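Topology and contacts: notes
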Amino acid sequence: MAASTVTDPVLLRSRLDSLRAEHAALKQRGLQLNIARGKPSEEQLALSDAILSLPGPGDWKTEAGEDVRNYGGDPQGVPELRALMSPILDLPASQIVAGGNSSLAMMHDCLVWALLKGVPGSTEPWSRVEKPAFICPAPGYEKHHTMCVEYGIELLPVAVTPTGPDMDAVEALAADPRVKGIWCVPTYANPTGETYSDETARRLAAMKTGAPDFRLFWDDAYLVHHLSGNGVTRTNIVALCAAAGHPDRAFVFASTSKITLASAGVGFFASSPANVAWYLARDGKRGVGPDKLNQLRHVRFLKDADGLRDHMEKQRALLAPKFAAVLDGLSRRLAGTGVASWSNPLGGYFISIEALPGTARRAVELAQEAGVTLTVAGSTWPHGKDPQDSNIRIAPSYAPLADVKAAADIIGLSILLAAAETLLTNNARNKVAE
Ligand code: PLP
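Rules of the game
Position numbers for residues count from 1 along each chain, tracking the sequence in the order it is written. pLDDT decides what is reported in this predicted model: residues at 70 or higher carry local features, side-chain atom pairs at 80 or more are listed and counted, and totals for whole chains, interfaces and linings draw on all residues regardless. To obtain the side-chain values, all non-hydrogen atoms of the structure were included, while hydrogens and water were left out. Going along the chain from the N terminus, every DSSP run of H or I of four or more residues is numbered as a helix, and every run of E of two or more is numbered as a strand. The globule rule is 2.2 Å times the number of residues to the power 0.38, and the radius of gyration it is compared with is taken over C-alpha atoms. The buried label goes to any residue with under 20% of its type's maximum accessible area, the exposed label to any with over 50%, and the partly exposed label to all in between, with areas taken from a 1.4 Å probe on protein chains only. By the convention used here, residues are in contact when the closest approach between their heavy atoms is within 4.5 Å. Working definition of accessibility: Shrake-Rupley area with a 1.4 Å probe, residue cover restricted to the visible protein chains. Just so you know, the count uses Lys and Arg for positive and Asp and Glu for negative, and it drops His and the chain ends. Taken as the charge centre is NZ of Lys, CZ of Arg, CG of Asp or CD of Glu, depending on the residue. At least two bridges found by DSSP between two strands are what make those strands a pair. Arc definition: directions from the helix axis to the C-beta atoms. Throughout this document, a residue counts as near a molecule or strand when at least one of its heavy atoms sits within 4 Å of that molecule or strand. Throughout this description, a polar contact denotes any pair of N or O atoms lying within 3.5 Å of each other; where both atoms belong to protein, one of them has to be capable of donating a hydrogen while the other can accept it, and for residues adjacent in sequence the pair is counted only when both atoms sit in side chains. The term salt bridge refers to a pairing of a side-chain nitrogen on Lys or Arg with a carboxyl oxygen on Asp or Glu at a separation within 4 Å. To obtain each axis, a line is fitted to C-alpha atoms, and for helices this fit is confined to the stretch in contact; angles are then taken between N-to-C directions over 0 to 180 degrees. Each angle receives one of four descriptions, namely roughly parallel if under 35 degrees, roughly antiparallel if over 145, roughly perpendicular if within 65 to 115, and oblique otherwise. In this scheme the handedness of a crossing depends on how the near helix is turned from the far one: anticlockwise by less than a right angle means left-handed, clockwise means right-handed.

Some thoughts on the overall build of the chain
- The helix and strand inventory of the chain stands at 13 helices and 13 strands.
- The C-alpha atoms of the chain give 23 Å as radius of gyration, which agrees with the globular expectation for 434 residues (22 Å, within 12%).
- Oriented by its inertia axes, the alpha-carbon framework of the chain measures out at about 75 × 50 × 35 Å.
- Residue burial in the chain is summarised as follows: out of 434 residues, 53% are buried.
- Pairs at least 24 apart in sequence give 76% of the contacts found in the chain among residues at least 6 apart.
- As displayed, the chain offers around 18200 Å² of accessible surface, 53% of which is attributable to carbon and sulfur atoms.
- Separation between the mean location of the 43 positive side-chain charges and that of the 46 negative ones in the chain comes to 3 Å.

Structural data, given as structure tokens:
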């Protein structure tokens, strides 16, 4: 987050009328801009158009001679796709499972199987534990939260820092045996954008946990989604856990949802040999195996790890200007006002704003009135309740660049207006109290 400067209420109050007038004029324009959902744009999806005609008639055999059109084959997924992902995930193909179209569904399966059966190292299924709990860095990804809520797992929020979750808080919470895991989005986190430092990853791998079967749910959804040319180097959390004497601690998840097609990508589970065997044993009873045709299509389209990286360069060329437009718009409206700070992510899909406490909901409402739909305020926090009412998530990927530019300005205006209203109200209250 950019540092915020001291708020100047006098300045803001004096500007309230002009801000209101600007807002009213925007309302008249009847704009309809939507930057609520972290979805790829049509241009991004079009980068993968060729995949729609792959593998093509007559091309249905893997290198091992398996027929991807039929039942059977390797239950772990098409070996050449796992080999393609091996340098990306920095793990041998034998420790990677290629699954269906959603890594989130794989996280869900792991959580439910852990509750019903336990994981390697469990003495009993997690559901037998009184009040099982998960640590969740907040703000975070809403679907991680709702998954836990759905199955009665208590969520324990910890603060996010520029190097990952507040590790002192994480270590203190993890000492409790009922705490079974932590949600981690280690690269370009959703929504806060930070990448975990090596030190954070090392502490997560090495920390003492009350539960012997504690798991890092390591959701590396944005591992190759760089916005800057330099890209961050990925931490091999599985190796770190093994080196720290906890070889089964990390469940790694990734997917091609935001590499190729969001609804027709391939999800991956990667972990220790024991966890992969555990996963496959459960998965084999859940269905007849993944969509191998889609997996082969991905191999034909991406070719190899370098092909995947080249493809992500094209994604970056489309995404980076939209992020720059948001940052520019926010800066022009808000820099120096002291009423907001915001992330400047080097990758991923989101920009996270911390507005003046108590104003995020109102700012989102004002933006909506002026024609900009934003992610519902509070939704980045467990149970949709942001204790400070300060976090606003911006997802610039889907809308056209011109819309993103216009929206950024309106968001800045709305944050400023909400802050000015609140400061004015507080001031009036203080006067009455005097
Ligand atoms: N994990 C994170 C952190 C995400 O932000 C998203 C999508 O926004 C997902 C997972 C969804 O992944 P998938 O499409 O592979 O289910």
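A short note on the side chain of Ser-414
- With respect to the secondary-structure elements, Ser-414 resides in helix H13 (residues 401–433).
- A residue is classified by how much of its surface remains accessible, and Ser-414, at 1% relative accessible area, is buried.
- If sequence neighbours within four positions are ignored, Ser-414 has contacts with Ala-363, Leu-366 and Ala-367.

Re the sheet that holds strand S4 (residues 154–161)
- One open sheet accounts for eight strands, arranged S2-S9-S8-S7-S6-S3-S4-S5; its pairing is mixed. The strands lining the two open edges of the sheet, one partner per strand, are strand S2 (96–98) and strand S5 (164–165).
- Where S2 meets strand S9 (residues 267–270), three bridges bridge the pair, whose relative direction is antiparallel. Note on S9: the bridge partner recorded for Ile-96 is Ala-270.

Side note on helix H5 (residues 142–150)
- Every buried residue of H5 is accounted for by His-144, His-145, Met-147 and Cys-148. Looking down the long axis of H5, one finds its buried residues gathered within 160 degrees of arc, a one-sided arrangement.
- In this structure, the buried residues of H5 make contact with helix H4 (103–117), strand S3 (133–138), S4, strand S6 (179–184) and strand S7 (215–219).
- Gly-152 sits one or two positions beyond H5 and adopts a positive phi of about 75 degrees.

Observations regarding unusual backbone geometry
- A cis geometry characterises the amide bond from Leu-54 onward to Pro-55, with omega recorded as 0 degrees.
- By the secondary structure assignment, Pro-55 is in the loop between helix H2 (42–46) and helix H3 (79–89).
- The backbone phi angle of Asp-90 is positive, close to 60 degrees, even though this residue is not glycine.
- As for its position among the elements, Asp-90 is in the loop between H3 and S2.
- Of the residues examined, Asp-90 reaches a relative accessible area of 43% and is grouped as partly exposed.

A closer look at the site of the ligand
- The immediate surroundings of the ligand are formed by Ser-102, Ser-103, Leu-104, Tyr-141, Val-185, Asn-190, Asp-219, Ala-221, Tyr-222, Ser-255, Ser-257 and Lys-258.
- Within the side chain of Asn-190, a nitrogen or oxygen atom sits 3.0 Å from an oxygen atom of the ligand.
- In isolation the ligand offers 400 Å² of accessible surface; the protein chains occlude 88% of this area.

Observations concerning the environment of Ala-24
- Along the chain, Ala-24 falls in helix H1 (residues 9–29).
- Along the backbone, Ala-24 and Glu-369 are 345 residues apart, and their C-alpha atoms lie at a distance of 9.0 Å.

Quick look at the pattern of salt bridges
- The full count for this structure, using the stated rule, is 19 salt bridges.
- A salt bridge links Arg-202 to Glu-199; the nearest nitrogen and oxygen atoms lie 3.1 Å apart. Linking Arg-202 with Glu-199, this pair stays in helix H7 (residues 198–206), spanning three residues, or about one helical turn.
- With relative accessibility at 41%, the residue Arg-202 sits in the partly exposed group.
- Taken together, the shared-partner salt bridges connect Lys-27, Arg-362, Glu-365, Glu-369 and Glu-421 into one network.

Thoughts on the sheet that holds strand S10 (residues 340–342)
- Sheet architecture is open: three strands sit in the order S10-S11-S13, paired in antiparallel fashion. Among the strands making up the open sheet, the edge pair consists of S10 and strand S13 (391–394). Neighbouring strand axes in the sheet, compared pairwise and without regard to direction, differ in orientation by 20 degrees on average.
- In terms of strand pairing, S10 meets strand S11 (residues 351–355) through three bridges, oriented antiparallel. Bridged to Ser-341 within S11 is Glu-354.

With respect to the packing of H3 against helix H10 (residues 292–302)
- It is the contact of H3 with H10, at a shortest axis distance of 8 Å, that shows an interaxial angle of 50 degrees. As judged from the angle between their axes, H3 and H10 are oblique. Between H3 and H10 lies a crossing of left-handed hand. Here Glu-80, Leu-81 and Leu-84 of H3 lie close against H10, whose contacting residues are Gln-295, His-298, Val-299 and Leu-302.

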